[in-house]
Amino acid sequence: MEDYYQILRVAPNASDGAIRKAYRKLAMQYHPDKTGNSELLNSYFKKINEAYTVLSNPNTRSAFHLKYYATPAPSVNLANTAAILAECTQLLKKVQQKGDNINEEAVVLMVEKHILNINNIYILQAESDKNTIEKIYQKIIHLITKLNYKNSLQLYTIVTDRLPFQDMAITIQIQKLLQQKKQQYYWDKYKFFVALVAAISICIGIYRIT
């Protein structure tokens with residue numbers, strides 16, 4: 001299976017706008033009208049269109065994440081609590097290894113669709129292995145710290161809906177972390193406009209003085 005992000009030359013966490021921009025640029029560059037009758041380039045142009053078709057639709061993009069990036073994607077449910085912990089450990093290790101290159105949406109999908117799916121929640125409840133479940137909690141907390149605000153919030157919501165944190169102190173700690181991530185998220189999003197308004201205000205102030 002091909003990496004559609006690589007074809008469009010964007011990062012796995014690229015915004016919808018970035019994907020559209022990349023597609024338009026490549027589509028113009030490799031359109032058959034510009035490349036002539038090159039079989040190789042025409043084939044690449046088709047791949048560009050295919051990649052955009054998948055990544056421009058939220059549903060097909062999520063399906064692509066789960067199938068391609070959340071590897072390995074097991075075809076069977078996990079057998080016991082220990083196996084669920086092992087999957088958490090493996091996922092966290094992969095996130096730590098890839099650093100900024102991790103596909104965060106795929107991480108969330110992996111937890112939602114595989115690690116904490118309904119069947120596995122039944123296993124955790126039935127076995128009631130408190131020690132192992134606590135270790136699962138710790139792995140998930142580490143995952144939350146590695147994701148940006150939107151994805152960490154989504155992951156936290158999934159976990160609290162399916163496997164609520166039992167320790168109130170930990171819950172408060174995570175909520176404080178999410179609040180910090182939220183503040184950073186909005187600061188990063190709007191700091192340019194804040195700086196622009198501040199600069200305009202200073203200029204107006206100087207103009208009035210002079």
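Reading the values: the criteria
- Residues numbered from 1 in each chain as written.
- Predicted model: local features only at pLDDT ≥ 70, side-chain atom pairs only at ≥ 80, totals over all residues.
- Heavy atoms only, no water.
- Helix = DSSP H or I, 4+ residues; strand = E, 2+ residues; numbered from the N terminus.
- Buried < 20%, exposed > 50% of the residue type's maximum accessible area, 1.4 Å probe, protein only.
- Contact = heavy atoms within 4.5 Å.
- Areas by Shrake-Rupley, 256 points an atom, 1.4 Å probe, with all protein chains shown as cover.
- pLDDT = per-residue confidence, 0-100.
- Axes fitted to C-alpha atoms, helices over the stretch in contact; angles between N-to-C directions.
- Parallel < 35°, antiparallel > 145°, perpendicular 65-115°, else oblique.
- Nonpolar A, V, L, I, M, F, W, Y, C, P; charged D, E, K, R; others polar.
- Left-handed = near helix turned anticlockwise from the far one by under 90°.
- Core = buried A, V, L, I, M, F, W, Y, C linked by side-chain atoms within 4.5 Å.
- Phe/Tyr/Trp six-rings, centres within 6.5 Å; stacked < 30°, edge-to-face > 60°.
- Patch = residues over 30% accessible without salt bridge, like charges linked within 9 Å, V, L, I, M, F, W, Y side chains within 5 Å.
- Salt bridge = Lys/Arg side-chain N within 4 Å of Asp/Glu carboxyl O.
- Lys, Arg positive; Asp, Glu negative; His and termini not counted.
- Charge placed at Lys NZ, Arg CZ, Asp CG, Glu CD.

Here's the deal with the overall build of the chain
- Within the chain one finds 11 helices and zero strands.
- Each helix and strand of the chain, ordered N terminal to C terminal, gives the series α-α-α-α-α-α-α-α-α-α-α.
- Considering the chain as a whole, with its 210 residues, one finds that 36% of them fall into the buried category.
- Once local pairs closer than 6 in sequence are excluded, the contacts in the chain between residues at least 24 apart make up 69%.
- Carbon and sulfur atoms form 55% of the exposed surface of the chain, whose accessible area is close to 13,100 Å².

Concerning unusual backbone geometry
- You will see that Arg9, though not glycine, has its phi angle at about 65°, which is positive.
- Within the secondary structure, Arg9 is located in the loop between helix H1 (4-8) and helix H2 (16-30).
- Unlike most non-glycine residues, Ser128 shows phi in positive territory, near 50°.
- One can find Ser128 in the loop between helix H8 (118-127) and helix H9 (130-146).

Some details on the confidence of the model for the chain
- Across the chain, the average pLDDT comes to 82, with 83% of residues at 70 or higher.
- The weakest mean pLDDT in the chain belongs to helix H11 (residues 168-209) at 73; the strongest belongs to H9 at 91.

Points about the packing of helix H6 (residues 81-98) against helix H7 (residues 104-115)
- Direction vectors running N to C along H6 and H7 enclose 170°, while the axes themselves pass 11 Å from each other. Between H6 and H7, the crossing angle belongs to the class labelled roughly antiparallel. Across the interface between the two elements, Ile84, Glu87, Cys88, Leu91 and Val95 of H6 pack against Val107, Met110, Val111, His114 and Ile115 of H7.
- Residue composition of the contact of H6 with H7, grouped by class: eight nonpolar, one polar and one charged.

Comments concerning the packing of H9 against helix H10 (residues 149-162)
- Two elements in contact, H9 and H10, have axes separated by 8 Å at closest approach and are oriented at 155°. In terms of orientation, H9 lies roughly antiparallel with respect to H10. As H9 runs across H10, the sense of the crossing is left-handed. For the pair H9 and H10, contact is made by Ile140, Leu143 and Ile144 and by Ser152, Leu155, Tyr156 and Val159, respectively.

Some words on the nonpolar core
- Residues Ile115, Leu116, Leu124, Leu143, Leu155, Phe165 and Ile174 are the most contacted members of the largest nonpolar core, which totals 34 residues.
- Contributions of two or more residues to this core are made by H6, H7, H8, H9, H10 and H11.
- At seven residues, the largest contribution of residues to this core is made by H9.
- Setting aside its immediate chain neighbours within four residues, Leu155 contacts Val108, Val111, Ile140, Leu143, Ile144 and Leu147.
- Residues Tyr4, Ile7, Val10 and Phe45 belong to the second largest nonpolar core, which totals 18 residues.

As for the packing of aromatic side chains
- The full count for this structure, using the stated rule, is four aromatic pairs.
- Between Tyr4 and Phe64, the ring centres sit 4.9 Å apart and the planes meet at 35°, which makes this aromatic pair tilted. Taken as a pair, Tyr4 in helix H1 and Phe64 in helix H5 (residues 58-69) lie far apart in primary sequence, 60 residues in all. Phe64 matches Tyr4 in its accessibility class, with the two residues each being buried.
- Taken together, the aromatic side chains of Tyr4, Tyr5 and Phe64 make up a single cluster linked through ring pairs.

Details of a positive patch on the surface
- On the surface, a cluster of positive charge is contributed by Arg9, Arg20, Lys21, Arg24 and Lys25.
- Considering the arrangement of structural elements, one finds Lys21 in helix H2.
- Judged by its relative accessible area of 60%, Lys21 falls in the exposed class.

A closer look at the pattern of salt bridges
- The full count for this structure, using the stated rule, is two salt bridges.
- Two residues, Arg61 and Asp16, come together in a salt bridge whose shortest N-O distance is 3.2 Å. Of this pair, Arg61 sits in helix H5 while Asp16 is found in helix H2, placing the two residues 45 residues apart along the sequence.
- Asp16 sits in the partly exposed class, given a relative accessible area of 45%.

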